[in-house]
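# Coordinates in review
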Amino acid sequence: MSEETGGLRARGIVMAFGGNVALNGVDIDLPAGTWTGLIGPNGSGKTTLLNVLSGVYRPSAGTVELAGRSVDGARAGRLARAGIVRTFQHPQLAESLTIRENMLLGVDLRRRRTGAEGIDEEVAELLDVFGCAKYEGYLPAQAPYGIRKAVELARAVVADPVVLLLDEPAAGLSKDERAELVASLRWVRDRKPDLAVCLIEHDVRLVAAVCPAIQVLNFGKVLAVGSATEVLTTPAVQEAYLGRSGRHLEREGSSS
Ligand SMILES: Nc1ncnc2c1ncn2[C@@H]1O[C@H](COP(=O)(O)OP(=O)(O)OP(=O)(O)O)[C@@H](O)[C@H]1O
Ligand SMILES: [Mg+2]
């Protein structure tokens, strides 16, 4: 079996929707303590891969292991309790609960997995780190979009995941909010040294600012994988993703 890296490892993932093969034999390694950026053009299969890794979709073929153990067939709830926690391209918060109560959902997930107590201080700390403290008593709908995105991320972090899967955390954020997001993500990276992260993002500079490793998808296949510098200077990546001229390294997020 595989060399044990403590994180998530997927092999040969195929995901077909009728005749549309969204993922066609994708491998990905998310070792403990490593932040991997997942990039690729619109429709290349990034969100679909996250949906497979988090148990939202059951793949047509392929295997997924968490810390060396198969989790094939496990649904999203079980995987979350096993420590695979994610955010969505469009933030998914409990709309009838306040922002603080949303954070407590993350706390509850953590308690169920680890039995940890006394983490209320961490809720306050994370609300502060993610710039949401003054909104803690608000309903999500009463908070700006950037705050909703930040709360979803803070809630995922307070759950103390083993593997954290982030789908476009910067989409829809202003330049200033993006800078704050990078600072918050670096705080998480420093605070949680064993965490395995997969970060989907179109803003390649943001990805490179927090992810030493990058994997590129194109038409449902892995186009490149390696260090940020290696991958971003690969001609095939520049052509497929960054545009023919290869000068759009700062390409902003998609609207989807
Ligand atoms: N539930 C679904 N049913 C049918 N087709 C789907 C479904 N989810 C994704 N697809 C298809 O799979 C392909 C990959 O979509 P996916 O959302 O994974 O792309 P993406 O890389 O996340 O794109 P974006 O950057 O726009 O978010 C697309 O052709 C999409 O239409
Ligand atoms: Mg997507």
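Our subject in this report is the structure included herewith. Values in this document were obtained by computation on a predicted structure and should not be read as measured data.

This part takes up the sheet that holds strand β1 (residues 8–17). Spatial ordering of the open sheet is given by β2-β1-β4-β5, a layout of four strands whose pairing is antiparallel. Looking at strand neighbours, the two that pair on one side only are β2 (20–30) and β5 (69–70), the edges of this open sheet. In this structure, β1 lies alongside β2, joined through eight bridges in antiparallel fashion. If you follow M15 over to β2, its bridge partner there is L23. With respect to the sheet, helix α1 (residues 46–53) is in contact with β1, β2 and β4 (61–66), its orientation differing from that of β2 by roughly 65 degrees.

Before going further, it helps to examine the coordination of the magnesium ion (ligand 2). At the metal site, the magnesium ion (ligand 2) is ligated by T47 (OG1) and Q89 (OE1), and these contacts range over 2.0 to 2.4 Å. With a gap of 42 residues between them, T47 in helix α1 and Q89 in the loop between β6 (84–86) and α3 (99–114) connect regions that are remote in the sequence. Owing to a relative accessible area of 15%, Q89 belongs among the buried residues under this scheme.

All right, on to the pattern of salt bridges then. The tally for this structure, following the rule as stated, stands at 10 salt bridges. Of the charged contacts, one joins E136 and R100 as a salt bridge, the two residues approaching to 3.9 Å between their closest N and O atoms. Residue E136 is found in the loop between α4 (120–129) and α5 (145–158), and its partner R100 is found in helix α3; the two are separated by 36 residues along the sequence. Look at E136 and you get partly exposed, because its relative accessible area is 33%. Residue R100 is classed as partly exposed on the basis of its relative accessible area of 28%. The closest approach of N and O atoms between E122 and K192, which form a salt bridge, is 3.6 Å. Of this pair, E122 sits in helix α4 while K192 sits in the loop between α6 (175–191) and β8 (196–200), placing them 70 residues apart in sequence. Overall, K192 belongs to the buried group, its relative accessible area being 13%.

Reading the values: rules and limits
- Residues numbered from 1 in each chain as written.
- Chains lettered and ligands numbered in written order.
- Predicted model: local features only at pLDDT ≥ 70, side-chain atom pairs only at ≥ 80, totals over all residues.
- Heavy atoms only, no water.
- Pairing = 2+ DSSP bridges.
- Helix = DSSP H or I, 4+ residues; strand = E, 2+ residues; numbered from the N terminus.
- Contact = heavy atoms within 4.5 Å.
- Axes fitted to C-alpha atoms, helices over the stretch in contact; angles between N-to-C directions.
- Donors = N, O, S within 2.8 Å, 3.2 Å for Na, K, Ca; no water.
- Buried < 20%, exposed > 50% of the residue type's maximum accessible area, 1.4 Å probe, protein only.
- Salt bridge = Lys/Arg side-chain N within 4 Å of Asp/Glu carboxyl O.

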